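Okay, here's what each chain looks like letter by letter:
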Amino acid sequence: MNNTIRLFLIALLTVGFLTSDAHAQDVLVRNATVLTVTNGTLQNTDILIRDGIIAQIGSGLRAPRGAEDVDATGKFVMPGIIDAHAHIALSSVNEGTSPVTAEVSMEDVTNPYSLGIYRASAGGVTVSHIMHGSANVIGGQNETIKHRWGATDPDDIRFDGAPRTIKFALGENPTRVHGRRASGGSGAIVPATRMGVEQVLRSAFENGKRYMEAWDAYNAEASTNPRAVPPVWNERLEVMADILRGEILIHCHSYRADEIVMLTRVLGDYGVDRITFQHANEAFKVAPELAEFGAHASVFSDWWSYKFEVYYSTSYNAAILMRNGVVTSINSDSAELNRHLYHEAAKSQRYGGLTDDEALSMITINPAIQLGIQDRVGSIEIGKDGDIAIFEGHPLSIYTIPVLTYVDGVKVFDRENDADDMRVDVDPSAEVGQYEGQVTGRDHMHSHEEVADLMSFFQSVADVDLPHAHTLND
Amino acid sequence: MNLFMTLVLALTTFLPQQAQQQDDKARQGTYAITNARIETVANGTIENGTVVIEGDRIIAVGENVAIPESARVIDGSGLHIYPGMIDSGTSLGLTEVGSVAETNDTREIGDINPHMDALTAVNPNAIAIPVTRVSGVTTVIAEPSGGLLPGTAAMINLFGYTAEQMTAGAKSVIVQFPAEPSGDRPWWAQEGPDRRQERYRNNMAKLNEVFDRAVLYNQIVSAYEADPTGKERPVYAPEMDALRPVLSGEVSLMVKVNAADDIVKAIAWVQEREFPNVVFSGVNEGWRVADRLAEAGIPVLVGPILATPTRSSDRYDRAYANAGLLSEAGVSVALRSGESENVRQLPFNAGFAATYGMGKEAALRAVTLGPAEIFGIDADYGSIEVGKKANLFVSDGDPFETSTNILALFIDGFNVPIDSRHLDLYQEFLNRDEGRLQPVEILPADN
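Residues numbered from 1 in each chain as written. Chains lettered and ligands numbered in written order. Predicted model: local features only at pLDDT ≥ 70, side-chain atom pairs only at ≥ 80, totals over all residues.

Once that is clear, we can look at unusual backbone geometry. The peptide bond linking V190(A) to P191(A) adopts the cis configuration, its omega dihedral lying at 15°. Relative to the helices and strands, P191(A) resides in the loop between α3 (172–179) and α4 (194–222). With omega at 5°, the peptide bond leading from G303(B) into P304(B) counts as cis. Of note, D408(A) is a non-glycine position whose phi angle comes to about 50°, a positive value. By the secondary structure assignment, D408(A) is in the loop between β16 (401–407) and β17 (410–414). Accessibility expressed as a C-beta count within 10 Å gives 18 for D408(A), which makes it partly exposed. At D412(B), a residue that is not glycine, the phi angle is positive and equals roughly 55°. With respect to the element layout, D412(B) can be found in the loop between β15 (406–411) and β16 (414–416). For D412(B), a count of 24 C-beta atoms within 10 Å corresponds to the buried category. (Helix = DSSP H or I, 4+ residues; strand = E, 2+ residues; numbered from the N terminus. Buried ≥ 20, exposed ≤ 12 C-beta atoms within 10 Å, placed from the backbone.)

Let's shift gears to the pairing of strand β14 (residues 392–395) of chain B. Residue and element names in this part refer to chain B. Here β14 shows a buried face lined by L392 and V394 and a second buried face lined by F393 and S395. Relative to β14, strand β5 (residues 80–83) is paired through four bridges, and the arrangement is antiparallel. Directly across from H80, in β14, lies its bridge partner S395. Taken together, the four bridges between β14 and β15 define a ladder with antiparallel strand orientation. (Pairing = 2+ DSSP bridges.)

With that settled, the discussion passes to the nonpolar core. Counting residues in hydrophobic clusters, the biggest one holds 257 residues, and the most contacted among them are V77(A), A283(A), V300(B) and A353(B). Beyond its immediate sequence surroundings of up to four residues, V77(A) is in contact with V29(A), A32(A), V34(A), L35(A), I47(A), A72(A), I380(A), I388(A) and I390(A). (Core = buried A, V, L, I, M, F, W, Y, C linked by C-beta atoms within 7 Å. Contact = placed C-beta atoms within 7 Å.)

Residue-level contacts link 68 residues of chain A with 68 residues of chain B. Elements supplying a minimum of two residues to the side of chain A that touches chain B: α2 (115–121), α6 (257–269), α7 (287–293), α8 (317–323), α9 (341–350), α12 (441–447) and α13 (451–462) of chain A. Grouping the constituent residues of the side of chain A that touches chain B by class yields 28 nonpolar, 20 polar and 20 charged. (Nonpolar A, V, L, I, M, F, W, Y, C, P; charged D, E, K, R; others polar.)

A separate point is the domain arrangement of chain A. For an interface, size is often stated in terms of accessible area lost upon the parts coming together. All names here are of chain A. Domains assigned within chain A are domain 1 (1–80 + 378–432) and domain 2 (81–375). The distance between the C-alpha centroids of domain 1 and domain 2 comes to 29 Å. Contacts between the two partners involve 29 residues from domain 1 and, on the opposite side, 30 residues from domain 2. For the side of domain 1 that touches domain 2, the secondary structure elements donating two or more residues are α1 (3–21), β5 (75–79), β15 (388–392), β16 and β17. Residue composition of the side of domain 1 that touches domain 2, by class: 19 nonpolar, six polar and four charged. (Domains from an automatic or database assignment.)

This part covers the sheet that holds strand β7 (residues 137–142) of chain B. Strand pairing in a sheet is mediated by backbone hydrogen bonds. Such pairs are either parallel or antiparallel. Residues and elements named next belong to chain B. Pairing is mixed in the open sheet, where eight strands are placed in the order β6-β7-β8-β9-β10-β11-β12-β13. Only two strands of the sheet have a single partner each, and these edge strands are β6 (85–90) and β13 (333–335). With direction set aside, neighbouring strand axes in the sheet form an average angle of 25°. Relative to strand β12 (residues 300–302), strand β11 (residues 278–282) is paired through three bridges, and the arrangement is parallel. Within β12, the position partnered with F280 by the bridge is V300. Docked against the sheet, helix α11 (residues 346–358) engages β6, β7 and β13, running at close to 135° with respect to β13. (Axes fitted to C-alpha atoms, helices over the stretch in contact; angles between N-to-C directions.)

Below you can see the structure in the form of structure tokens.
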């Protein structure tokens, strides 16, 4: 096909898609089985979303003029799924140049064109926490996004009002990137061990605390002394100070039980109490300590053994944590797994016998709590955002099919009516429909590296030789 | 049902009625599982029947079956019996910890390694083996990887202490079919299109040369074997020797190929070379050329099913639907997880395939009798029939469903305990401190 015609058609499709529902945020979903998560299961129930907010839940609700009418008889409605650990919609992931890079932010590299947003929506996911990588002990700040597919301005997919969060990382990844660089030779710096990781953390917190105190002292002095000299501005320490002030939630890549407890000790010493341990394959070993500290955990359903620090794992991790009172979520960390988080959560029924509500809470209200957005999303309640996912069959059954997804009352996925090709940006010089190879959850756990090395991974798809690398993106 | 209830049930239900064993050792013997719903796969479903196992074999199946006096009876009321599931593509047993090179025995030096035998390197005590079998997967293909001919894959049962005890009788020589690069330089490519094309042509030429030589080698050696008189004994070439049974069809050739264009080329290649026994593996884009595969009569080992589409322009659920579309076109399909430590996801891969078009029955077949037939081991494996190996499991429901528990497991007639490190850790840590009288407080680090 001629490029001009193709571009025109694509533009036409895009415009058609963007204008179809973009401003109609009124939806009446009728006669569904509603899995509210926080308030049990409601049979034959209607949900009215007005101006993007859940306005009414009940029976015999009437649609306002112009509202979209969805007959959900025989279908299940659940809150839009929340992925507490994703790397979709990012044009870069890892600032792997220093053990502390608190100053960088995913805000600057958010990419609304990423097809991963649509594909996740097709699995009922409406919110993703898109994170910095795990190369550094204190990595960059993360971003919480809504899956407003079709938006082209990065600002249009941000979750307004979501608290700031930051990525930390313990264990093999930061020690490999920094301390074992060139096999511990030229350029290697602390940390090379879990001892070093603790000291990197303590130095960063202590410097942040002193910086904060210096500014507090200056601000106090400046009110009376116009000649007061301010401390030197330091963006990295500004962020550390904001963590100490409780304005930034920590999400820490971690695996081993000992390093998890180590970080709670460091945080305790600095009066920081809002922490979610990400991955945390060995969190089950210190579940009572996590519950006591009030720390949260965001874990995989069953991924293990892709590296040594996850060898002594169990797929019963989530169940043990839940039963010990730790707020626990199941995340994807992968552009494949995030398309079926409902299935990832369902595995907790085989691995630990969690109830339906417990399993569903791990992909809805619990990740919402971990991201500080539980007043807005994570359950079907009046006043919350109109983020819902509609399924054919119970979402925890292997035979379920997500069929419709709404974000703020706007339809972002429609199994019956969506085109096969849902891209909103197409490189006009690219061959249409080029073979790229499929990606699995396993690929992410085993084969990805940080962005520079991601290249060699994709290279491998086309070639015979497979590199044996493993993930820093997680 | 939570795990404790399951365990209690398992203990009360499966304690043998006579000669109670105090240990948890896997044992062969005579067993009768009664009053269960039996999914035979070969001959439909028996709603309320009995399976009798003696030694390594199933000796009776049906509604009215005489139970031998010596049999330990397992009451299967309300429970289901399925044939053990078969995963047609894994690296289970060849790898222990992904990132630790010393624990990976998947890739040998060089490109042409058909003589590298996976069965040799499978670690019978790999921690992932019990973790896998408690999901009802009893048998897997373990594959070497890397290079043009990575090695010989082996079908193994997931119980045993030596290769001899584990082998399920089938082997397959793998060919990694070269993938032709597309004309454009993709954004991730570090090399230009010319270099990529050149590498592709070299790989194809090398592959053809290997098999030209194998044919010649086979002729020379066969002639010598038929009558050595007056002939010089041919030089031993192990990689050529390993290809002889492929040429005769005694061992299958497993061609790994994924993109639609490459599948078409691979069909032409195997037809031109007249390999008598060929299967394709991976086949991510099989649905695009399903009719061609059906026409060629080549069976396919499809998966992983839980994967993204192969092209950005493709519908989001193509990978889920691939197996069903192939099956619908009349291709003989078996499923593979492509996993090592997480082969236990095979039933979930099958569940997704079933949901997105394949249907439950075909999906179950694709992880039982289907692969057994493809690999020529259906006299022993793949269904619940008299005379077959006792590879089966007892569950409280559909094994593809995540809420289902596997309650009993037989491999080669061994009643294998439902135990794994994942379960052990669960039992140790669920109520970690219940044996401790005084709690220990967390101290500040500067104590």
